[in-house]
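Next come the chains, spelled out residue by residue.
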Amino acid sequence: MSRFTSTPGFSRRRFLALGSGFSLAAALPVAGLSAAPARAEPRFSGDPFALGVASGDPEPDGAVLWTRLAPDPLAADGRGGMPGYKVPVTWQIAEDPGFRRVRRAGVEWAVPELGHSVHAEVRGLEPDREYWYRFRAGRHVSEAGRTRTAPAADAGIASMAFAFVSCQNYPDGHFTAFRHLAGEDVDVVVHLGDYIYEGGGQGTVGRGHLPAREIHSLADYRVRYGQYKLDPDLQAEHAAHPWIVVLDDHEVDNNWADGLDGDDVGGAEFAARRAAAFQAYYENLPLRRSSLPAGPHMQLYRRLSYGTLAQFHVVDTRQFRDNQACGDGRQFDCDDRLDPARTMLGAEQEAWLLDGLTRSRTTWDVMANQIMTMQGDSAEGIEQAFGMDTWDGYAAARQRLFDGVEKRGIGNFVVVTGDAHRSVAADLKHDFDDPASATVGVEFLGTSVSSGGNGSDQDEWGRIWLQENPHMKFHNVQRGYGVCEVTRESWRTDYRVVPYVSTPGAPVATRARVHVTAGRPGIREVEQLAVPQP
Ligand SMILES: [Fe+2]
C-alpha cells in the first residue's frame, strides 16, 4: 500500500503520476493474489461505485475504507459488470467533507479474484475524531463517506455511543431503520449478523431475492450482496458511520454449524459453499485483511476498544460450534444440550474471550454476539422448551462463560445480540431457574431491520417469554435497532422502532429506554414509552 504524508488531490495529473511513477505491482499485498492484467485507465459500462462506500473496524489511528467496483452489480456471472483486469483505485481521507484538508491518500488494487473490492487500511490518523473519505477509479469519483476513529487506548473518555443492528431480510421489507440510523449521533455501528439471507424468497413487497433461488456459488452470493447493497437506505447508513461486523448463519446457510450446513450435510460441497459465502462476505464488508478468508476459514473474532470506557469482544458463534443438539429446532427434553463437552466458541476462542476479560481494564465489557445468551423458555407452565440454535443448546459452555465473568470480577458485562427478530432486555443469571441467584450481566437482544415483516408491539410468543422468564424485563416485536449511550456511571439502551416496513418511509420512535448502573449488574429501570401504531 502506498501512503502519502502530503496531500495529493484527485487531479488527473497526480493520478497518472501515481500510475506511472509508482510500481503498481508492488503497491499492496493483495496484488500478489491477482494473475490478472492491469489497466490503469479503465473504462466502465456505468458508475463503478454503484454499491457505495463503507468504513469499519475503527482503531485510534485509522479504519478500513471499503468500496467495490461494480457498474452492473446484478450481472448473473457475479463479476459486477467488471472486465477481467485489475484496476488501481485511489482513496483519500480528509478532516472536512469538502476534502480541503486531506490527511492521507493511497492506492489499492481492485482485483477480479476478490470481486474488485477495495479494503484500504488507513493508518496515521488522529484518535477520536471524524473524517471523510472517497475513492477514484478511472474518471469516476465515489460519493464521500464519513468515519470516526476510536479514542486512544488509554484515553479516559467520559462517554461513547454505539448502535447495534442485525437481520435485514430484503424480501421481508424496506430498510427504513437504516435510513433513521444514518441520522443517529453514534461513534460506531455494530452489525451482529444476517447481513444477507441465502434463500430464494420473493416476499410480498416487491423486493424478491435475486437470484430467485437459494444461493450456493460465489457468483450467486456476489449477486445477492449486489442486490442488498444497492439499497439506498443501507448505503446511507454505511456512508454515515464506521461498522464493526460479524456474520451469523444466513450469510452462509440457515443454522449452519462448523462443517455442517443447516440440514447437517457436510463434506466438500458445504466446504466449497462456505468458502464462497465467506469470500463474498469479505468482498462486501469493511473488514481488515486479517479477516481475508483462507478457503472455508475466516478470522472474525477480535477486540476493539473505546479508550478505557468500553471494549468490544466480537465473538464468532458459527465457525467453531458443535452441531445443534437433539436435531436442532425447539426441544422439550434434550439432555445433550447440557453436555459439558459441547462448545459454542471452540476451545481456542473460549480461552481468548476469558483471557480478554481477565486483562480488561475498561469500565464496560461488551460481547458482540449472534444468538441469544439468556435462557429462553418458550413452554407455558412447569415444562421447559428451548431453541437448540442459541446458547440454550450449549448450556454448559454458557455456564463456563458466566462463571468466568463472575470469577474475574467483571462488574459491567453487557451482551448485545441479533438473530431473534425481536427485542428483549434481560438480566443474565448465574442460574436462570433461580431468580434469586446472582446477576452476571445484562443482555440486549436486538430486533431485525426487516426480517419478519412489519411485526407488532407484542405477540403470543413474547407473552409466554415474559411469563416464563423472569429475567426478561422488556419485549417488543417491531423492526428497528438499538442505541447505547455509555458513560463511566451508567448505560442506557434505547430501543428504536419503526411501525411498518412493508412500505417505505415509516417514522422512527423510541419504544423503551433501559438503564443500567455501573458496578451494579442487572437492569435498573425500563422506561416504557408509547409509540404511534400503524
Ligand atoms: Fe435473522
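Residues numbered from 1 in each chain as written. Predicted model: local features only at pLDDT ≥ 70, side-chain atom pairs only at ≥ 80, totals over all residues. Heavy atoms only, no water.

## With respect to the nonpolar core
No. 1: Counting residues in hydrophobic clusters, the biggest one holds 74 residues, and the most contacted among them are Met160, Phe162, Tyr281, Phe312, Phe444 and Trp491.
No. 2: Counting residues per element, this core draws most heavily on helix α5 (residues 267–284), at seven residues.
No. 3: A domain-level breakdown of this core finds at least three residues from each of domain 1 (12–148) and domain 2 (159–196 + 298–528).
No. 4: Among all residues touching Phe162, those that are not within four sequence positions of it are Val186, Val188, Val190, Phe312, Val366, Val416, Gly482, Val483, Cys484, Val486 and Trp491. (Core = buried A, V, L, I, M, F, W, Y, C linked by side-chain atoms within 4.5 Å. Buried < 20%, exposed > 50% of the residue type's maximum accessible area, 1.4 Å probe, protein only. Helix = DSSP H or I, 4+ residues; strand = E, 2+ residues; numbered from the N terminus. Domains from an automatic or database assignment. Contact = heavy atoms within 4.5 Å.)

## Concerning the side chain of His119
No. 1: By secondary structure assignment, the location of His119 is in strand β5 (residues 117–121).
No. 2: Assessed through its relative accessible area of 4%, His119 is described here as buried.
No. 3: One polar contact links the side chain of His119 to the main-chain carbonyl oxygen of Tyr282, over a distance of 2.7 Å.
No. 4: Within polar-contact distance, the side chain of His119 engages the backbone oxygen of Leu285 at 3.0 Å.
No. 5: Those residues in contact with His119, other than ones at most four positions away along the chain, are Val64, Leu65, Trp66, Glu108, Tyr282, Glu283, Leu285, Pro286, Leu287 and Arg289. (Polar contact = N/O pair within 3.5 Å; in protein donor to acceptor, adjacent residues only side chain to side chain.)

## Considering the pattern of salt bridges
No. 1: Scanning all chains against the criterion turns up 32 salt bridges.
No. 2: One salt bridge in this structure joins Arg513 and Asp494, with 3.2 Å as the shortest N-O distance. Of this pair, Arg513 sits in strand β23 (residues 509–517) while Asp494 is found in strand β22 (residues 490–498), placing the two residues 19 residues apart along the sequence.
No. 3: The exposure class of Asp494 is buried, given its relative accessible area of 2%. (Salt bridge = Lys/Arg side-chain N within 4 Å of Asp/Glu carboxyl O.)

## A short note on the side chain of Asp389
No. 1: With respect to the helices and strands, the residue Asp389 is situated in the loop between β16 (386–387) and α7 (395–407).
No. 2: Residue class for Asp389 comes out buried when judged on its relative accessible area of 7%.
No. 3: A polar contact is formed between the side chain of Asp389 and the side chain of Arg318, at a distance of 2.7 Å.
No. 4: A polar contact of 3.0 Å, which involves the side chain of Asp389, links it to the side chain of Arg321.
No. 5: Dropping the residues within four chain positions of it, Asp389 is found in contact with Asn255, Arg318, Arg321, Gln324, Asp328, Met344, Ile371 and Tyr394.

## A word on the state of the cysteines
No. 1: Evaluation of the coordinates by the stated rule reveals one disulfide.
No. 2: Here Cys326 engages in a disulfide with Cys334; their sulfurs sit 2.0 Å apart. Between Cys326 and Cys334, the S-S torsion sits near 90°, and that sign places the bridge as right-handed.
No. 3: No disulfide involves Cys484; its nearest neighbouring cysteine sulfur is the one of Cys167, lying 16 Å away. (Disulfide = S-S within 2.5 Å.)

## A few points about the coordination of the iron ion
No. 1: Summarising the metal site, the iron ion is bound by the protein donors Cys167 (SG), Asp194 (OD), Tyr197 (OH) and His421 (NE2), whose distances to it range over 2.0 to 2.6 Å.
No. 2: Coordination geometry of the iron ion: the four donor atoms subtend angles of 87 to 170° at the metal centre, consistent with an arrangement described as irregular.
No. 3: Of note, the donors binding the iron ion are all from one chain and are spaced C-x26-D-x2-Y-x223-H. Here Asp194, found in the loop between β10 (188–191) and α3 (218–229), pairs with His421, found in the loop between β17 (413–417) and β18 (423–429); they are 227 residues apart in sequence, far enough to count as distant. (Donors = N, O, S within 2.8 Å, 3.2 Å for Na, K, Ca; no water. Tetrahedral: all angles 85-135°; square planar, octahedral: opposite > 155°, others 65-115°.)

## Quick notes on α5
For an α-helix, 3.6 residues make a turn, and residues three or four places apart therefore share a direction.
No. 1: End to end, α5 covers 26 Å across 18 residues, agreeing with the expected 26 Å (1.5 Å per residue, within 8%).
No. 2: Counting buried positions over the 18 residues of α5 gives 13, a clear majority of the element. (Expected span 1.5 Å × (residues − 1).)

## Some points on the packing of aromatic side chains
No. 1: Evaluated as defined, the whole model comprises 21 aromatic pairs.
No. 2: Each ring, one from Tyr170 and one from Tyr228, has its centre 5.3 Å from the other, and the planes form 40°; the classification is tilted. Highlighted residues: Tyr170 in the loop between β9 (159–165) and α2 (176–181) and Tyr228 in helix α3, separated in sequence by 58 residues.
No. 3: By relative accessible area, Tyr228 is classed as buried at 0%.
No. 4: Put simply, the rings of Tyr170, Phe175, Phe178, Tyr195, Tyr225, Tyr228 and Trp243 pair up and form one aromatic cluster.
No. 5: Looking at Arg39, its charged tip hangs above the ring of Tyr85, at a distance of 4.0 Å from the centre.
No. 6: Its end group placed over the ring of Phe99, Arg134 keeps NZ or CZ at 4.0 Å from the ring centre. (Phe/Tyr/Trp six-rings, centres within 6.5 Å; stacked < 30°, edge-to-face > 60°. Lys NZ or Arg CZ within 6 Å of the ring centre and 35° of its normal.)

## Overview of the pairing of strand β13 (residues 310–314)
No. 1: Most of β13 is tucked away, with five of its five residues classed as buried.
No. 2: Residues Ala310, Phe312 and Val314 of β13 are buried on one face, and the alternating residues Gln311 and His313, pointing to the opposite face, are buried as well.
No. 3: Note: strand β12 (residues 302–306) against β13, five bridges, orientation antiparallel. Looking at β13, one finds that Ser305 is bridged to Gln311.
No. 4: Sheet topology places β13 next to strand β15 (residues 364–369); five bridges connect them, and they run parallel. Note on β15: the bridge partner recorded for Ala310 is Trp364. (Pairing = 2+ DSSP bridges.)

## Structural notes on a negative patch on the surface
No. 1: A surface patch of like charges, here negative, comprises Asp333, Asp335, Asp336, Asp339 and Glu383.
No. 2: Here Asp336 lies in the loop between β14 (330–331) and α6 (347–359). (Patch = residues over 30% accessible without salt bridge, like charges linked within 9 Å, V, L, I, M, F, W, Y side chains within 5 Å. Areas by Shrake-Rupley, 256 points an atom, 1.4 Å probe, with all protein chains shown as cover. Lys, Arg positive; Asp, Glu negative; His and termini not counted. Charge placed at Lys NZ, Arg CZ, Asp CG, Glu CD.)

## Description of the domain arrangement of the protein chain
No. 1: Considered domain by domain, the protein chain is made up of domain 1 (12–148) and domain 2 (159–196 + 298–528).
No. 2: Just the C-alpha atoms count here: the centres of domain 1 and domain 2 sit 34 Å apart.
No. 3: Every contact between the two is made by four residues of domain 1 and, on the other side, five residues of domain 2.
No. 4: Across the domain 1/domain 2 interface, buried area totals approximately 450 Å², and carbon plus sulfur atoms make up 42% of it.
No. 5: Counting the surface domain 1 buries against domain 2, the share from its top three residues, Asp57, Pro58 and Arg148, is 80%.
No. 6: Our count for the domain 1 to domain 2 interface comes out at two salt bridges.
No. 7: A salt bridge links Asp187 to Arg148; its shortest N-O distance comes to 3.2 Å.
No. 8: Counting across the domain 1 and domain 2 interface gives two residue pairs in polar contact (both at pLDDT 80 or more).
No. 9: Per element, the largest residue contribution to the side of domain 1 that touches domain 2 is three residues, and it comes from strand β1 (residues 53–59).
No. 10: A per-class count over the side of domain 1 that touches domain 2 returns one nonpolar, no polar and three charged. (Buried area = accessible area lost by both parts, 1.4 Å probe. Nonpolar A, V, L, I, M, F, W, Y, C, P; charged D, E, K, R; others polar.)

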